[in-house]
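Listed here are the chains, written in short residue letters.
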Amino acid sequence: MNSTNRNNFRGAGVLMALVVSSMLAYFWPVFTESFDPFRLSSNALSGLVVVTMFCLGLVVQRHELTELRQRPLTVFLGVAVQCTLMPALAWLVVRTLGLEGPLSYGVLLCGCVPGAMASNVLTMTARGNVSYSVSLTSVATLLSPVTVPVALVVVAGLETGAEVFKPAKMAVTLLLTVVVPVIAGYWVKCRSEVVRRHAVAVAPLLATFALLWIIASVVAGNRDRLSQVAISLLAGLLVMNLLGYLGGYTVGRIAKMPEAMRRALTLEVGMQNAGLGTMLAATLLGADSPAQIPTAAYTFGCMLTGTLVAAVWSGKGQAG
């Protein structure tokens, strides 16, 4: 099996695992009500996010940050697009659908969090510029204690009231659960030959497991609410995701980026770290807040569409 087919299989496998684990979490009470491994506290969710971010630090290779060293302005352009376009699209979805309360907060969180690790794998599948994708993810993640609270203050201030998100507390939470684990993971890898040798194989599996458990926890905590989720909300999240892809590709084209970089930017902009958004919703709004429903739904959506986009591009040959 060549690398493209292997990554296609991996992307489809993660999507299938999302479906299976979420269904198991939803129907768990049918088997037993004495023990529910899917009902997690906000502290447990934070711990799982720390695991995913530590794994990101473990898998980032120095040579993959080539674009950041050689073309920093291009990297910061991509991050700027993500940090402005996606919050704006989230606000438009909230405004168009007339969402209020926790559901609106969840949609806004989807738009304001940084990109997801999955975009790096799917960029490889799409024959895009992996170095550019990793640089975008790394920079957006490290800047998140500043960019996420600022974006939420702006868009939430327009629609729902920024005070609900507690910007200072959010910045500290992101610093401790996102930035510190990424740096720690990278430091550990650089210090240990054993870790460096096995990180590439083990870390993605751990990160995927943590993400699956986060989403399954949301399903378990909202079993009664999920059947009442409006189709319009799901449609709005899908449109937001697709417009994110379109915006990323369009900016890449306007900036005259090579096709491989356009593909990387497309996937990076549209695929938000909704697992992180889920943790923030639980930490700031409560472990059982319905704000987690849009973040979980967005994870499903962007994994599905991202896998399909990457599969289409992988069949078109090597990007220039």
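Structure: see above.
**Considerations on the nonpolar core**
Phase 1 of the analysis: Val107, Tyr132, Met170, Met240, Leu276, Leu280 and Tyr298 are the most contacted members of the largest nonpolar core, which totals 80 residues.
Phase 2 of the analysis: Ranked by residue count, the leading element in this core is helix H7 (residues 130-159), at 11 residues.
Phase 3 of the analysis: Setting aside anything within four residues of it in sequence, one finds methionine 240 in contact with Met86, Leu89, Ala90, Val93, Val107, Cys110, Gly111 and Tyr298.

**Some details on the side chain of threonine 295**
Phase 1 of the analysis: As for its position among the elements, threonine 295 is in helix H14 (residues 292-314).
Phase 2 of the analysis: A polar contact is formed between the side chain of threonine 295 and the side chain of threonine 278, at a distance of 2.7 Å.
Phase 3 of the analysis: Beyond its immediate sequence surroundings of up to four residues, threonine 295 is in contact with Gly106, Leu109, Cys110, Ala274, Gly277 and Thr278.

**A closer look at a nonpolar patch on the surface**
Phase 1 of the analysis: Taken together, the side chains of Met16, Val19, Val20, Met23, Leu24, Tyr26, Phe27, Val30 and Phe31 make up a nonpolar region of the molecular surface, amounting to roughly 870 Å² of accessible area.
Phase 2 of the analysis: Take valine 19: its relative accessible area is 34%, and that puts it in the partly exposed class.

**Overview of helix H4 (residues 72-97)**
Phase 1 of the analysis: Over its 26 residues, H4 extends 38 Å from the first C-alpha to the last, a length consistent with the 38 Å expected when each residue adds 1.5 Å.
Phase 2 of the analysis: Of the positions making up H4, those classed as buried are Thr74, Val75, Gly78, Val79, Val81, Gln82, Met86, Pro87, Leu89, Ala90, Val93 and Val94.
Phase 3 of the analysis: At the exit of H4 stands glycine 98, carrying a positive phi of roughly 70 degrees.

**Thoughts on the state of the cysteines**
Phase 1 of the analysis: All told, the structure shown has zero disulfides when counted by the stated rule.
Phase 2 of the analysis: For cysteine 83, which is in no disulfide, the shortest distance to another cysteine sulfur is to cysteine 112 and amounts to 8.9 Å.
Phase 3 of the analysis: A relative accessible area of 27% places cysteine 83 in the partly exposed class.
Phase 4 of the analysis: Distance from the sulfur of cysteine 302, which forms no disulfide, to the nearest cysteine sulfur (cysteine 110) is 8.7 Å.

Cut-offs and rules
- Every chain is numbered independently, its residues counted from 1 as its sequence is written.
- Restriction of local features to residues with pLDDT of at least 70 applies here, the model being predicted, together with a cutoff of 80 or more for giving and counting side-chain atom pairs; totals for whole chains, interfaces and linings are based on all residues.
- Hydrogen atoms and water are omitted, and side-chain values are computed over all heavy atoms in the structure.
- Definition of nonpolar core: a set of buried residues of the types Ala, Val, Leu, Ile, Met, Phe, Trp, Tyr and Cys, connected through side-chain atoms within 4.5 Å.
- We call a residue buried when its accessible area falls under 20% of the maximum for its residue type, exposed when it is over 50%, and partly exposed in between, using a 1.4 Å probe and counting protein chains only.
- Only runs of H or I of at least four residues qualify as helices and only runs of E of at least two qualify as strands under DSSP, and these elements are numbered from the N terminus.
- The contact definition used throughout considers only heavy atoms, calling two residues in contact when any of these lie within 4.5 Å.
- For this analysis, a polar contact is any N or O atom pair within 3.5 Å, provided that within protein one partner can donate a hydrogen and the other can accept it, and provided that sequence-adjacent residues contribute only side-chain to side-chain pairs.
- Here the term patch refers to residues with relative accessible area over 30% and no salt bridge, with like charges joined within 9 Å and nonpolar side chains (Val, Leu, Ile, Met, Phe, Trp, Tyr) within 5 Å.
- Per-residue and other accessible areas follow the Shrake-Rupley method at a 1.4 Å probe size, with only the shown protein chains counted as cover for residues.
- Think of a salt bridge as a Lys or Arg side-chain nitrogen and an Asp or Glu carboxyl oxygen that are within 4 Å of each other.
- A helix is expected to span 1.5 Å multiplied by its residue count minus one.
- Defined by distance alone, a disulfide is two cysteine sulfur atoms within 2.5 Å.

Honestly, it's all geometry; don't read function into it.
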